Amino acid sequence: LINPEFLGAVFRTYSAVRTGRESCSDDSDENRARLAHSLRQLLLQLASIAMGPIFADENERGAYAGFLLDGCLNEMESILNEDQQRRQQLQQQQQEDDFILSDHTSAEVVDLVTILSRLTTNFKVKTLSRLQQPAFPRYLTALATMGKWLLESSLAECQRLEGDVECMEWVHW
C-alpha cells in the first residue's frame, strides 16, 4: 500500500477518470463522477495510514506523506486552474454571472480538502514541514489559495442570487 508506484497509479487513474474529455452521455458522466469519487475515497483512506509497522522508519513515513501531499496538491492545482480558465472564458463571453461551480467540481474540492486535512491530522505539521522543498511551502500556498477560492466562489454565488443566502446551495449558515 505504501509503494510509490501503487500510489502514483491511483493518482494517475484518478486524473484520467476526472479529466475524461470524450463526449459521453449524462449516464457516462455520472458513472465517471462516481468512479472519481470512489478513487478520492481510496486516497482518503490511504491518507489515514500514518503509523505502525507498515513504515520501516520515520523517513519512509515522511516520504509516504510527501507523495500523498504532492499528488493531492497536483490535483487541487489542476482543478483550480481549470476553474480559473472557465471563469476567464465566461468573462470574455460576458457570461460570468451564469457561472456556477458544478456539483462534481464541488465534490472534488471537498474531498481533496478532506484528504489534506487528514494528512495534516495524521502526519502533523512537524512531519510535513520536514518534507523536501517545495512540498511544505506549496502546501501552505495551496491552503491560502483554497481559502481565497472558496471565499470568491461564495461571494460570486451570493452576488448572483442578489444576497438571498437562503437560495444558496451547499451553504449552511
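### A closer look at the side chain of E82
Consideration 1: Take E82: it is sitting in helix α3 (residues 58-92).
Consideration 2: Polar side-chain contacts of E82 include one of 3.0 Å to the side chain of R18.

### Some words on the environment of E60
Consideration 1: As for its placement among the helices and strands, E60 is situated in helix α3.
Consideration 2: Overall, the relative accessible area of 31% leaves E60 in the partly exposed class.
Consideration 3: Considering only alpha carbons, one finds E60 and I2, 58 residues apart in sequence, at a separation of 9.0 Å.
Consideration 4: If we ignore the near neighbours within four places in the chain, the residues touching E60 are I2, I54 and F55.
Consideration 5: A distance of 2.9 Å separates the side chain of E60 from the backbone nitrogen of A56, its partner in a polar contact.

### What to know about unusual backbone geometry
Negative phi characterises most residues that are not glycine, and trans characterises most peptide bonds.
Consideration 1: Of note, the bond from Q133 into P134 is cis; its omega dihedral lies within 30 degrees of zero at 0°.
Consideration 2: With respect to the helices, strands and loops of the structure, P134 is situated in the loop between α4 (103-128) and α5 (135-160).
Consideration 3: One non-glycine residue with positive phi stands out, namely K124, at about 65°.

What counts, and where the lines are drawn
What you see as residue numbers is a count from 1 along each chain, following the sequence as written. Only residues with pLDDT of 70 or above have their local features reported here, since the model is predicted, and side-chain atom pairs are shown and tallied only from 80 upward, although totals for entire chains, interfaces and linings are computed over all residues. Derived side-chain values reflect all non-hydrogen atoms in the structure, with water molecules and hydrogen atoms excluded from consideration. Helix numbering and strand numbering both begin at the N terminus, where a helix is a DSSP run of H or I of at least 4 residues and a strand a DSSP run of E of at least 2. Between N or O atoms, a polar contact is any pair within 3.5 Å; within protein, one atom must be a potential hydrogen donor and the other a potential acceptor, and residues adjacent in sequence are included only when both atoms are from side chains. Under the scheme applied here, a residue whose accessible area is under 20% of the maximum for its type counts as buried, over 50% as exposed, and between as partly exposed, the area being computed with a 1.4 Å probe on protein chains only. Whether two residues are in contact is decided by their heavy atoms: any pair within 4.5 Å suffices.

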